[in-house]
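Listed here are the chains, written in short residue letters.
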Amino acid sequence: RMLEDTLKVKWTEATTGPPHTLKEMLEGSDEQFRQRLLSAQGQCKELRPLLEARNKLLGAMYNESVKAAEELAKDYRLNPEDGVLERAVLITKARLWVPVMPTTVVPAECFGEPQEDLTWRRYEFERAHMTFLEPHRPSGATWQALKRMAFWQSMHKDLNIWINDCAVCHQY
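Residues numbered from 1 in each chain as written. Predicted model: local features only at pLDDT ≥ 70, side-chain atom pairs only at ≥ 80, totals over all residues. Heavy atoms only, no water.

Participant: Help me understand the nonpolar core, please; the structure alone is not making it clear to me.
Facilitator: Nonpolar side chains in soluble globular proteins tend to be buried together. In terms of nonpolar packing, the biggest core is built from 32 residues, with Trp120 and Trp152 touching the most fellow members. Going through the elements one at a time, helix H3 (33–43), helix H4 (48–59), strand S2 (85–91), strand S3 (94–99), helix H6 (120–129), helix H7 (139–149) and helix H8 (155–165) are the ones with two or more residues in this core. (Core = buried A, V, L, I, M, F, W, Y, C linked by side-chain atoms within 4.5 Å. Buried < 20%, exposed > 50% of the residue type's maximum accessible area, 1.4 Å probe, protein only. Helix = DSSP H or I, 4+ residues; strand = E, 2+ residues; numbered from the N terminus.)

Shown next, in the form of C-alpha cells:
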C-alpha cells in the first residue's frame, strides 16, 4: 500500500510538476524579489513589446482587433497575483509558468555590495549553477534547473557561454 501511494505521488509530480514551481528559488529569501523583477521587466526594451501586447489584450474593447497582440504574446501571461510577465514552459508533460528575465542589471540594494555587471539573466544562471549542496553543477543539471526557474529567448546560448567561462568547472 505504501509503495502504491509513493508511486502515485511520483506520477503526479512527473505529470504535473512539483507542488510548487521552485517557489523558494524564484523568490529567494528576499520578499521584494518579484516586485523588483516586475520593475526591471518594465525597463527592459526587449520585453516592452510583450508587455504592451499583454496589456492591449487585457484592455481591448470588443470591436478592436487584437490578432497581432495575440500572436506576439502567445504563451505569455501577466501573473494574476503580482503582474510579473511569465512564459509557459512545458517540462515532462507539466506546464509551468516561469518569469521572463529582463536584460537589465539587478539593483545594488538586492545585495550588500554593488554588482555592476550582474544582469537578471546571469543572476538566475548563478542560482541554477551553484547551489549549497551541489556547487558548480554540470551543464545538463544546470539547464534542467534553469528552465524551471526562468525564461529568456537566448537562454541555451547564454548557458553554454557561461558554463564554458566558469573557471571552477574547468579545474575539475
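Participant: Whenever I open this one, the pairing of S2 confuses me. Can you help?
Facilitator: Side-chain direction in a regular strand flips from residue to residue, so the side chains alternate between the two faces of the sheet. Among the 7 residues that make up S2, 5 are buried, leaving the element largely enclosed by the rest of the structure. When strand S1 (residues 76–78) meets S2, the two strands line up antiparallel, connected through 3 bridges. Within S2, the residue paired with Tyr76 across the bridge is Arg87. Pairing between S2 and S3: 6 bridges, direction antiparallel. If you follow Glu86 over to S3, its bridge partner there is Pro99. Where S2 hands over to S3, the hairpin turn is made up of 2 residues, of which Thr92 adopts a positive phi near 45°. (Pairing = 2+ DSSP bridges.)

Participant: What is the right way to look at H3 in this model?
Facilitator: Helical periodicity: at 3.6 residues per turn, an α-helix aligns residues three or four positions apart in one direction. Listed in full, the buried residues belonging to H3 are Phe33, Arg34, Leu37, Ala40 and Gln41. Down the axis of H3, the buried set is contained in an arc of 120°. They therefore lie on one face. (Arc of directions from axis to C-beta.)

Participant: Honestly, the packing of H6 against H7 in this entry has me stumped. Any pointers?
Facilitator: The description of two helices packed together rests on the angle between their axes and the distance between the axes. Look at H6 against H7: their axes get within 8 Å of each other, and the N-to-C directions meet at 130°. Between H6 and H7, the angle is such that the two are oblique. Helix-helix and strand crossings are classified by hand; for H6 and H7 the assignment is right-handed. Along its contact with H6, which presents Glu124, Phe125, Arg127, Ala128 and His129, the element H7 presents Thr142, Ala145, Leu146 and Met149. (Axes fitted to C-alpha atoms, helices over the stretch in contact; angles between N-to-C directions. Parallel < 35°, antiparallel > 145°, perpendicular 65-115°, else oblique. Left-handed = near helix turned anticlockwise from the far one by under 90°. Contact = heavy atoms within 4.5 Å.)

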